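Okay, here's what each chain looks like letter by letter:
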Amino acid sequence: MKSIKLIFLFLFAIVCVFCVSAQTNYDAQWKRIDELIQKKNLPKTAFAEVKKIYALAKKEKQEAQAIKALIYMIHFQEETRENNLALSIADIEKEMILAKEPEKSILNNLLAGLYWQYLQQNRWKFYNRTRTVNFQKSDIA
């Protein structure tokens, strides 16, 4: 009876090891990205790596890692694309369509922050505007 329990325990341990190793450990990947940013100053390369993490996290349904990657992607794109805030807002709104709780709440909070930042940067445009007609509601500008 003891040998059966020992065999069962051994098999259970092996299955646990395989399950844990099957999940990707993101720590090494994030450490590499930090090195690319801080030590080597390669934001485009880091952005490509973050996109890989994002795709992998979405595939493995690791919402926390996907959100972290999304935040990093927004940060990196700040330096490389024009009108980044409006485009980032659109990206997050697309992401929220498929998101479930609690991921949706976190994205909603992030979206609110981006809207606030957009308002702060473009307040003068909005206050100096005359009456708008025939505008697209989907266009934030």
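In what follows, the accompanying structure is described. (Residues numbered from 1 in each chain as written. Predicted model: local features only at pLDDT ≥ 70, side-chain atom pairs only at ≥ 80, totals over all residues. Heavy atoms only, no water.)

Here the focus is helix α3 (residues 43-59). Relative to the 24 Å expected for 17 residues at 1.5 Å per residue, α3 spans 24 Å between its end C-alpha atoms, a close match to the ideal helical length. Where α3 is buried, its residues touch α2 (27-38), α4 (63-80) and α5 (84-98). Directly beyond the C-terminal end of α3, a positive phi value near 60° is found at Lys61. (Helix = DSSP H or I, 4+ residues; strand = E, 2+ residues; numbered from the N terminus. Expected span 1.5 Å × (residues − 1). Contact = heavy atoms within 4.5 Å.)

One pair of aromatic rings is described through two measures. These are the centre distance and the angle between the planes. Within the structure shown, the criterion is met by 2 aromatic pairs. Seen in terms of ring centroids, Trp30 and Tyr72 are 4.7 Å apart; in terms of plane orientation they differ by 45°. Their pairing is tilted. Of this pair, Trp30 sits in helix α2 while Tyr72 is found in helix α4, placing the two residues 42 residues apart along the sequence. Ring geometry for Tyr72 and Phe76: centres 6.1 Å apart, planes at 65°, overall edge-to-face. Here Tyr72 pairs with Phe76, and both are found in helix α4, just 4 residues apart, close to one helical turn. In textbook terms, an aromatic cluster arises when at least three aromatic residues are bridged by ring pairs, as seen for Trp30, Tyr72 and Phe76. (Phe/Tyr/Trp six-rings, centres within 6.5 Å; stacked < 30°, edge-to-face > 60°.)

This part takes up the side chain of Asn122. For Asn122, the location among the structural elements is in helix α6 (residues 103-127). Among the polar contacts made by the side chain of Asn122, one reaches the main-chain carbonyl oxygen of Tyr118 at a distance of 3.0 Å. (Polar contact = N/O pair within 3.5 Å; in protein donor to acceptor, adjacent residues only side chain to side chain.)

Among the structural elements, Ala90 can be located in helix α5. According to the relative accessible area criterion, Ala90 is partly exposed, its value standing at 30%. (Buried < 20%, exposed > 50% of the residue type's maximum accessible area, 1.4 Å probe, protein only.)

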